[in-house]
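# Fold and geometry: a report
For reference, the chains in residue letters:
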Amino acid sequence: MRRLGPRLRLAPVPLVPEAPPAPDRARVGFFAGYVQLVRDVAHLYRTSRTTFWFLAASAVYRDGLAGVFTFGAIVAAVSYRFTDDEVLLFGALANLLAGISTILAGRLDDRLGARSVILWSLAALVVCILAVVVLLPVGKPVFWVAGLALTLFVGPAQSASRSFLVRVTPPGHESEIFGLYATTGRAVSFLTPALWTVIIALTGATIWGALGIAVVLLAGLVLMLVVTDPTER
């Protein structure tokens, strides 16, 4: 029986070359990395106050945005008595509307600025959540209208946040700032779940837990008022 020779394996050719690491940055371990993180944040506060406050504000309201999708289905099923099929249909429509609104928000970003898109989106989200809570006795139509309206503003807030981050990032620190953007978001990811749990425990009703999401979004909105847009100066 004829033996086949070894197969040739071609190494993949990267289409996007990897950027070399900065030669002046030393490698650090796990715990030393967190020490360096604190130093970087402190340095950012001293040298780029706008970037610092935006990272703080976005960390808070992005946790609220995550809570919209995390707990929205629970409110629909428990408080508004949606069936499984209705929850699935709502989820599909919500994702579709969120995608469309994100595309359209790009034009508003160009015309009004990313900061304005973020502020208006957060304000609209708070109003929609309050409508879902206060108008519960009206029944399912409220959640179909206010709930779907709410999803129109989640995508624009997220996309405008990344757009605004680029504008407030000091030149030459792009990788560092985007890393801090992700890290600060994880650091406060307990806010919305904690408020959701505490409020439901105190009131005994799931619907009131939605107020926890509104509080976090409102806190992020207030912090965003401190942030200035460098392109408007």
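Every value quoted in this text rests on a predicted model; they were computed, and no experiment measured them.

### Let's talk about unusual backbone geometry
Despite not being glycine, Arg81 has its phi angle at roughly 60°, a positive value. Tracing the sequence through the fold places Arg81 in the loop between helix 2 (49–79) and helix 3 (84–112).

### As for the pattern of salt bridges
Applying the stated rule across the entire model yields two salt bridges. The partner of Arg167 in a salt bridge is Asp109, and the shortest N-O contact between them spans 2.6 Å. A residue pair is termed long-range when its members are at least 10 positions apart, and Arg167 in helix 5 (residues 140–168) and Asp109 in helix 3 qualify at 58 residues. Accessibility expressed as a relative area gives 28% for Arg167, which makes it partly exposed.

### Side note on the side chain of Ser48
Topologically, Ser48 is positioned in the loop between helix 1 (30–47) and helix 2. What makes Ser48 buried here is its relative accessible area of 14%. A polar atom in the side chain of Ser48 sits 2.6 Å from the side chain of Thr51. The residues touching Ser48, leaving out its near neighbours within four places in the chain, are Val168 and Pro170.

### Observations regarding the layout of surface pockets
A volume near 320 Å³ is recorded for the second largest pocket. Lining the second largest pocket are 20 residues, with Val68, Gly72, Ala73, Phe90 and Phe143 positioned closest to its centre. Contributing elements (two or more residues each) for the lining of the second largest pocket: helix 2, helix 3, helix 4 (114–134), helix 5 and helix 8 (210–224). Per-element tally for the lining of the second largest pocket: the top contributor is helix 2, with seven residues. Taken together, the residues that form the lining of the second largest pocket break down as 15 nonpolar, five polar and no charged.

### Here's the deal with helix 3
Compared with an ideal rise of 1.5 Å per residue, which puts 29 residues at 42 Å, helix 3 spans 40 Å between its outermost C-alpha atoms and is within 8% of the ideal. Where helix 3 bends most, at Leu104, the angle is about 25°. By the burial criterion, the buried members of helix 3 are Phe90, Ala94, Ala98, Ser101, Ala105 and Asp109. Contact partners of the buried residues in helix 3: helix 4 and helix 5.

What counts as what
- Residues numbered from 1 in each chain as written.
- Predicted model: local features only at pLDDT ≥ 70, side-chain atom pairs only at ≥ 80, totals over all residues.
- Heavy atoms only, no water.
- Helix = DSSP H or I, 4+ residues; strand = E, 2+ residues; numbered from the N terminus.
- Salt bridge = Lys/Arg side-chain N within 4 Å of Asp/Glu carboxyl O.
- Buried < 20%, exposed > 50% of the residue type's maximum accessible area, 1.4 Å probe, protein only.
- Polar contact = N/O pair within 3.5 Å; in protein donor to acceptor, adjacent residues only side chain to side chain.
- Contact = heavy atoms within 4.5 Å.
- 1 Å grid on protein atoms, 1.4 Å probe; cavity = no way out; pocket = protein on both sides within 12 Å on 5 of 7 lines; lining within 4 Å.
- Points joined across faces, edges and corners; volume = space filled by probe spheres on them.
- Nonpolar A, V, L, I, M, F, W, Y, C, P; charged D, E, K, R; others polar.
- Expected span 1.5 Å × (residues − 1).
- Bend = angle between axes of the 7 residues up to and from the residue.

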